[in-house]
Amino acid sequence: MHSPLLLDFTTFYELFFKAFDTLGFEASAHWMSYTAAGISLSFIAINLLILSTALYTWFERRTIARFQVRRGPNRNGPYGLLQPFADVIKLIMKEDTIPESADKVVFTLAPIVLLAPTLLIITVIPMDDSTFLGTLNIGILFIVGITSVNSIAIFMAGWGSRNKYAILGSMRGAAMLVSYEIPMALGITSVLLLSGSLAMKTIADSQLIWFILVMPLGFFVFMAAAMAEMSRTPFDQIESESELGSGYNTEFSGIKFAILFLAEFMAPIVTSAVVTTLFLGGNQGFSPIPGPIWFILKMFVVIFILLWIRSTWPRLRIDQIMGFAWKPLFGLGIINIFLIALESQILMEEGKLSQNDMLIMSGINWVLTIVGLLVMFNIYGHKRYNRPDPIPSQLANMGTDLQ
Amino acid sequence: MNTLRTEPITINLGPQHPSTHGVFRLRVTFDGEEIVDLEPVFGYLHRGTEKLAETRNYTQIITLTDRMDYVASMSNNLAYVRTVESLANISVPERAQYIRVICAELQRIASHLMATGFLLNDLGALATPLVYCFREREKILDLFEMLCGARITLSYMRPGGVFQDAPEEFWHALNTTVTDLPHFFDEIESLISTNEIVLARTRGVGILTDEQAIANSVSGPNLRAARVKWDLRKSNTYEVYDRLKFDIPIGHEGDTYDRYLVRILEMRESVKIIAQCVEQIDTGPIRSNTPFFIRPPAGEAYEAIEGPKGELGFYMVSDGGVAPYRCKVRAPSFLNLTPLKEMITGWKMGDLITILGSIDIVLGEVDR
Amino acid sequence: MTKILSTSKIIQTLKQELPGLEISGNESWVTVNANQINKVSRILKNSDGLDFSYLNAITAVDYIEYFQIIYHLTSMRNNYSCVIKVRCDGRTNLELPSVIDVWKGADLQEREIWDLMGIKFSGHPNLKRILLWEGFDGHPLRKDYLG
């Protein structure tokens, strides 16, 4: 399949096949062009992803600064656009320290293990008719499996540093990341019930109405779990800089820190790509603008919301974070699956749902979600805290008539 | 059923740390995530103020007092000059008293803004509320610059009055600030006081009951958050506070949220006080005739004011010379740290920084 | 206004509770014997007419032949205050009973007085140096400590 952007596997394969054919390698042209196409396409895609991460760091610093009534970086290049490159140059020129009693192998491997899964997710995101490497039938399962390597990487980073603060931070991080896998899986399962397939492209195509409208509860559960998986505020206790040093990345400096930094900032981009595919209809949109541009626009909206939340809210304590995963989110995820299953059983004809059916489902679900969330916040939340009039203590009596 | 052998771990929250509000060291023993023991270590900023004061004359000590609580230097000045006036029987003209009250209340607002901003920074809100609070504090520091040329270490007050009269543009700027500040407090309260996460982190955390507070010599907003309605501006009134109408806000149960809310409510009361002072002030002299070398008769005096951090008192003994024989500072931040161990043991690591931030200490005052 | 409670009333109540107490006073302060201070402070806090529940400050002053320790107390329930003075003769091996069981706020202040003036408080659970480091030689706030 050829895509308008010419950045897909078939084009590259044919190009290399012609090249190797004319160069005289007919016998092995097939596997050689296959390998060459794969490698070159991955090279381009990874570089584009890293470049967009660099751009995203610039965007994040400028936007958070605007929320804080100040400008962000504006000295390196026009509007500070060269700031990420200045950061990388500084980090490369720093000394690469390894603590003397640290576990050298684990310490050196930790940033790489953290970066690799995030890079791999881009291979199954269908920006166009298929992903740039072709369609993977079990796309979403691949993503769930890959993101669980994050927790191993964070623990490796803390363990390899041999530093009390780092180990504390990474243990909390590993516990949190493992707990939030479950609400994420529950959110994904509810999407699968309606799409009927694990392949990412099929999920995007089966959204006759965007799933954020059909199952808002599932969207909420998945977004909360995804924010925790990325360790972003309000769940960023593990890297809270105002407590106990800097968490698991205290001992890393130089290029290792740059890789950790890169992995941390690539996560929102990749996560919002996944959210766009699962809940916002992928590259659906109306016609004068091509599909991939729609995809990027939707990604941008999700990234902005994540950034908005990060710059406004304080963070939760670690036991409150764990409580939030296991009690409300787990319950809501299960209720969501139950609801979707019930509705799709009732409305389904011949194993398929039509657009009207989805409209009905979305109407019911939105009403139920709003009512349910209001009820839950009123029972469990603090927002209904009406501060009663304080009663002065009997132990002090100013005894003046100057009241 | 204890199948796993656990061991408490002692961690040093060292002198250099992003959120201990200065050079302050804590040795904390954790059992898992819970704090079992706490030992504060002070003295990293000890400069020997009390010893230095014995070799400087009374007017020179004003500059020493600025640097103790370097966040609220007008209050330090006020407490000190009141003690000298009580020692030497100097009277203060009325216009000077009104200007002193205006400066003390402006300084209270500035100090509480800093305390609130840093408490929310410790809660993790990525410095956004901090920058908002500092934006308002900048306006107050601009007012101080109009008065005396400095922003932080002011040395504005003298025994017998204030240093110089307020210029014309000060009163215009003060009126603008007084009208704008309540809107800012409304904005901050709407963003923070009902925020779910702030409430979850601060409600019921680090409770200090009224008996504990009184027994541990706690003063200031911490005492008032523990439901004790005690404020030196009303109980032992000084300057012109007896002619002004204002409330004393108190807390509901003495937790971190109450300490935060009491400071916000006190800032609102301070704005009311300033508005009344601006109405009531009259022309007149701003300094009574005192010589540079003040020689009070032999005796002693203890005067305390209600500073932003608590009861700030000076105890001075004079032997008739140009320098005091003994100058002791009753520092509120130092004494507010007495119940630190009681307040923190039993809570989790994330609460340690929150509770410490809500007590609002300034290391210059703790260590003197 | 916080009035200073009439010292004659304080002296009377204390003499009633502790007969044989050496006590004197003028219109501003009450002077008590050094080793009776903890009993006196207990009475000051707990007895009905006095009820001094709040300890404002403990100060130590070095008058070359003797040291004077001054307690400023306030009664929050009745809004009055008083000043109690105690005298320690000599310059070495000074010791006073600690009032920490009566007012817990004396904890850090007594450590500071030990640190800077060299007066020990018996009964204090943790009498270590507080503003200077362990191993510092001398007590800086004394009049004979120069440099």
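Before going into details, it helps to say that this report is about the structure given with it. Here, residues in each chain are numbered from 1, in the same order as that chain's written sequence. Chain A is the first chain written and ligand 1 is the first ligand written, with later ones labelled in order. Owing to the predicted nature of the model, reporting of local features is limited to residues with pLDDT of at least 70; listing and counting of side-chain atom pairs is limited to 80 or more, with chain, interface and lining totals taken over all residues. Each side-chain value is derived from all of the structure's non-hydrogen atoms; neither hydrogens nor water enter the calculation.

## Topic: the overall build of chain A
Inference 1: Each helix and strand in chain A was counted, giving 15 helices and 0 strands.
Inference 2: For chain A, the spread of C-alpha atoms along the three principal axes comes to 105 × 65 × 40 Å.
Inference 3: Going through the 403 residues of chain A one by one, you find that 51% of them count as buried.
Inference 4: In chain A, 75% of the contacts between residues at least 6 apart in sequence involve partners at least 24 apart. Here a helix means four or more residues in a row that DSSP labels H or I, a strand means two or more in a row labelled E, and each is numbered from the N terminus. We call a residue buried when its accessible area falls under 20% of the maximum for its residue type, exposed when it is over 50%, and partly exposed in between, using a 1.4 Å probe and counting protein chains only. Two residues form a contact once any of their heavy atoms are found within 4.5 Å.

## Considerations on helix H3 (residues 73–88) of chain B
Every α-helix winds through 3.6 residues per turn, so residues three or four apart in the chain are directed the same way.
Inference 1: The span one expects for a helix is its residue count, reduced by one, times 1.5 Å. With 16 residues, H3 of chain B should cover 22 Å at 1.5 Å per step; its first-to-last C-alpha distance of 23 Å lies within 8% of that length.
Inference 2: Downstream of H3 of chain B by one or two residues, Asn89 of chain B has phi in the positive range, about 55°.

## Considerations on the interface of chain B and chain A
Inference 1: Facing the 55 residues of chain B at the interface are 44 residues of chain A.
Inference 2: Counting each side, the surface lost to burial between chain B and chain A is near 4500 Å², with a carbon and sulfur contribution of 61%.
Inference 3: Summed over both partners, the accessible area (1.4 Å probe) lost when two parts come together is defined as the buried area. Considering only the side of chain B, the residues that lose the most area to chain A are Leu126, Ile197 and Lys234 of chain B, jointly responsible for 13% of the buried surface there.
Inference 4: For salt bridges, the criterion is a side-chain nitrogen of Lys or Arg within 4 Å of an Asp or Glu carboxyl oxygen. Joining chain B to chain A, the criterion identifies 2 salt bridges.
Inference 5: Among the salt bridges present, the one from Lys348 of chain B reaches Asp319 of chain A, with a minimum N-O distance of 3.9 Å.
Inference 6: The term polar contact refers here to a pair of N or O atoms within 3.5 Å; inside protein, the definition further demands a hydrogen-donor-capable atom paired with an acceptor-capable atom, and it admits residues adjacent in sequence only when both atoms are side-chain atoms. Here chain B is connected to chain A by 7 residue pairs in polar contact (both at pLDDT 80 or more).
Inference 7: Mapped onto the side of chain B that touches chain A, the elements with two or more residues apiece are strand S1 (9–13), helix H4 (94–123), helix H5 (128–148), helix H7 (196–202), helix H8 (210–215), helix H10 (232–235), helix H11 (256–280) and helix H14 (349–359) of chain B.
Inference 8: With 6 residues, the single largest contributor to the side of chain B that touches chain A is H7 of chain B.

## Concerning helix H1 (residues 7–17) of chain C
All names here are of chain C.
Inference 1: Of all the positions in H1, only Thr7, Ile10, Ile11, Thr13 and Leu14 are classed as buried. In a view along the axis of H1, the buried residues occupy a sector of 165°, so they form one face of it. In this structure, H1 carries Ser8, Gln12 and Gln16 as exposed residues pointing more than 90 degrees from its buried face. Directions are taken from the helix axis to each C-beta atom, and the arc is the one they span.

## Observations regarding the side chain of Thr74 of chain C
Inference 1: Mapped onto the fold, Thr74 of chain C is located in strand S5 (residues 66–75).
Inference 2: At 2.5 Å, the side chain of Thr74 of chain C and the side chain of Asn56 of chain C are in polar contact.
Inference 3: Beyond its immediate sequence surroundings of up to four residues, Thr74 of chain C is in contact with Trp230 of chain B together with Phe52, Ser53, Tyr54, Asn56, Tyr80 and Ser81 of chain C.

## Some details on the sheet that holds strand S7 (residues 311–318) of chain B
All names here are of chain B.
Inference 1: Paired strands, as defined in this entry, are two strands with at least two bridges between them according to DSSP. Spatial strand order, S6-S7-S8: 3 strands in an open sheet with antiparallel pairing. A strand with exactly one partner marks an edge of an open sheet, and here the two such strands are strand S6 (299–306) and strand S8 (326–330). Averaged over neighbouring strand pairs, the angle between their axes works out to 10° when direction is ignored. Here an axis means a line fitted to C-alpha atoms, over the contact stretch when the element is a helix, while the angle between two N-to-C directions is reported on a 0 to 180 degree scale.

## Overview of the sheet that holds strand S2 (residues 25–31) of chain B
All names here are of chain B.
Inference 1: Read across the sheet, 3 strands follow the order S1-S2-S3 without closing on themselves; strand pairing throughout is antiparallel. For this open sheet the edge positions go to S1 and strand S3 (34–41), each flanked by a neighbour on one side alone. For this sheet the average axis-to-axis angle between neighbouring strands, irrespective of direction, equals 20°.
Inference 2: Sheet topology places S1 next to S2; 5 bridges connect them, and they run antiparallel. Bridge pairing in S2 links Ile11 to Val28.

## Focus: unusual backbone geometry
Residues and elements named next belong to chain B.
Inference 1: The backbone of Asn89 shows a phi angle near 55°, a positive value even though the residue is not glycine.
Inference 2: You can see Asn89 is positioned in the loop between H3 and H4.
Inference 3: For Asn89, a relative accessible area of 66% translates into the label exposed.
Inference 4: Despite not being glycine, Glu239 has its phi angle at roughly 45°, a positive value.
Inference 5: Here Glu239 is to be found in the loop between H10 and H11.
Inference 6: By relative accessible area, which is 12% here, Glu239 ends up buried.

## Section: the environment of Thr338 of chain B
Inference 1: As for its position among the elements, Thr338 of chain B is in the loop between helix H12 (332–336) and helix H13 (340–344).
Inference 2: Thr338 of chain B sits 246 residues away from Val92 of chain B along the chain, and the two C-alpha atoms are 36 Å apart.
Inference 3: Setting aside chain neighbours within four positions, we find Thr338 of chain B in contact with Asn216 of chain B together with Lys104, Gly105, Asp107 and Leu108 of chain C.
Inference 4: Only 2.7 Å separates the side chain of Thr338 of chain B from the backbone oxygen of Leu335 of chain B, close enough to count as a polar contact.

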